[in-house]
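Commentary on secondary and tertiary structure
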Amino acid sequence: MAKKESRGDQVRKFTSRMNGGRPPREVEPEIEKLDLVVRGGRVVTPEGIHELELGILRGKIVAIAPELTDNTFQTLDAAGKYIFPGIIDAHVHFNEPGRAEWEGLAHGSLALAAGGGTCFFDMPLNSEPPVLDSATMREKRIMAEVKSCTDFGLWGGLVPGNLDRLAGLRDGGAMGVKAFMCNSGIDSFGRADPKTLYEGMKRAAKLGLLVAVHAEDDALAAKFTAEQKAKKKFDAKAWLASRPVEVELAAIRMALEFAGETGCALHVVHVSSPEGVALIEEARANRVDVTAETCPHYLLLNDKDVAKIGAPAKCAPPIRDEKRRVALWGELLAGNIQTVGSDHSPAPAEMKTSENFFEIWGGIGGVQHGAQLLMNETVATLDQDWPRLAAVLARNVARRFRIDDRKGSLAEGLDADFSLVEIAKKADVIAAEDLWTHHPISAYLGRKSRVKVTDTYVRGVPVWANGAVASGMPKGQFVRPRVE
């Protein structure tokens, strides 16, 4: 009979896996004094949850083990809390320059940090001008380096007329380029018609540049919208009926076909339906380089919630029925959805007010509470399900966008990006005064949660501490994909 492994042997194997196969570092009394040791918490990783301590020096994790005896300038007591890897939100609209009155880099990044986020990728719209070339990317990067309190990456755009600028976006450090397969609602960010999308993917494949798509078929969306308006129906129910799931599926099919033919790396953002996930999984099985992203609101809300909440819950693709919501959770926990992003897309209150639901600006403000609410939904099964959340909110994002040499995991040599999460006995109600976004508008107001992020550290420096804004916050650093 094989000898049963001791707990010590199991922990040593686990820490070796986390450190890239290297054995845990032997602690020597003579080594350089650490800046910070995080003690007493339970570290959440995609591999499991374990009682480990983190040693941090000059913004990096330099030690991770069951017990660290290094000399340290500071200790962070995480007793009774979970140490979660810094969330990387690959899908936000912080809108600067040009539309800071909708949301800004300072407000947006702080709200992200209050929810456990340490890095975001800002979309090329709704900035004005949008990021369509190296010059506009450079302008936004300089602005974010001044205003953001978390690290950040930037998306470029793929629109008619800018194919010859994709190389400049790649060289400027773009995480990828985003294309809308339907009307974006922004005049300066045109729809990528099939020819533009195909040629753009072909060029992106040669450049090693990932393409993300907003997958809704423009013609079908126009058809179903016209049908509702012809019936003189303009309420939330009519809006949902104007965007049935087939609008999404038709666009996903086209994008997958183009990705397979061109060899382009494809990322389908905000997938709202289990049918969409199934199409992507089938393509992955056929060796198409594609990943699926969904958003917290598709996992937390259903169509009846949209009717009840109103304008703050309008988005495209729309929130689906309860059966699809539950099935989407199943796909997430089965590992068939690779990443989760907030698609934080706020607007001023006057743009979210109209008797005609079709005229309301679509977009959900969820950068602060979306991930926390996903954790709250899985509190009863956290030992099983929080590792999956650590994968889709951090590790998988870093891998897909080629920044896993710096971020995405709690491991030696990587940036010390993490949050402390506690589970209260009594749930708190999310209120408007809790929001750090520019406008206190959220589809999650009134929702209860036992999960709370108490601290968030970016490269070993607190941005959010003891449930409040930390003093001496860091300036965000620009993050770019490594060259392969």
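Keep in mind the model is a prediction, meaning the values are calculated, not measured.

So, on to the pattern of salt bridges. Any two side chains of opposite charge can pair, on the condition that their charged atoms come close. In total, this model carries 30 salt bridges according to the counting rule given. Across the salt bridge formed by Glu-281 and Arg-284, the nearest N and O atoms sit 3.3 Å from each other. One end of the pair is Glu-281 and the other is Arg-284, both in helix α9 (residues 274-285) and three residues apart, which spans about a single turn. Residue class for Glu-281 comes out partly exposed when judged on its relative accessible area of 24%. The exposure class of Arg-284 is partly exposed, given its relative accessible area of 34%.

What follows is about the nonpolar core. By size, the foremost hydrophobic cluster in this structure holds 96 residues, and its most contacted members are Val-213 and Trp-386. Element by element, the count of residues in this core is highest for helix α8 (residues 245-262), at eight residues. Once residues lying within four places of it in the same chain are set aside, the contact partners of Val-213 are Lys-178, Ala-179, Met-181, Leu-197, Met-201, Ala-255, Leu-266, His-267, Val-268 and Val-269.

Attention shifts here to the environment of Lys-147. Its place among the elements puts Lys-147 in helix α3 (residues 134-147). For the pair Lys-147 and Pro-46, spaced 101 residues apart in sequence, the C-alpha to C-alpha distance is 32 Å. Leaving out residues up to four positions away in the same chain, Lys-147 has contacts with Glu-96, Leu-105, Ala-106 and Ser-109. A polar atom in the side chain of Lys-147 sits 2.7 Å from the side chain of Glu-96.

Rules of the game
- Each chain carries its own residue numbering, running from 1 in the written order of its sequence.
- At least 70 in pLDDT is required for a residue's local features to be given in this predicted model, at least 80 for side-chain atom pairs to be given and counted, and no such filter applies to totals for whole chains, interfaces and linings, which use all residues.
- Note that water and hydrogens are dropped before the side-chain values are worked out from all heavy atoms of the structure.
- Definition used for salt bridges: Asp or Glu carboxyl oxygen within 4 Å of a side-chain nitrogen of Lys or Arg.
- Only runs of H or I of at least four residues qualify as helices and only runs of E of at least two qualify as strands under DSSP, and these elements are numbered from the N terminus.
- Only protein chains enter the calculation, and the probe is 1.4 Å; a residue is then buried if its accessible area is under 20% of its type maximum, exposed if over 50%, and partly exposed in between.
- Among buried residues, those of type Ala, Val, Leu, Ile, Met, Phe, Trp, Tyr and Cys that are joined through side-chain atoms within 4.5 Å constitute a nonpolar core.
- Contacts between residues were defined by any pair of non-hydrogen atoms, one from each residue, lying within 4.5 Å.
- Pairing of N or O atoms within 3.5 Å defines a polar contact, subject to two protein rules: one partner must be a possible hydrogen donor and the other a possible acceptor, and residues neighboring in sequence count only if both atoms are side-chain atoms.

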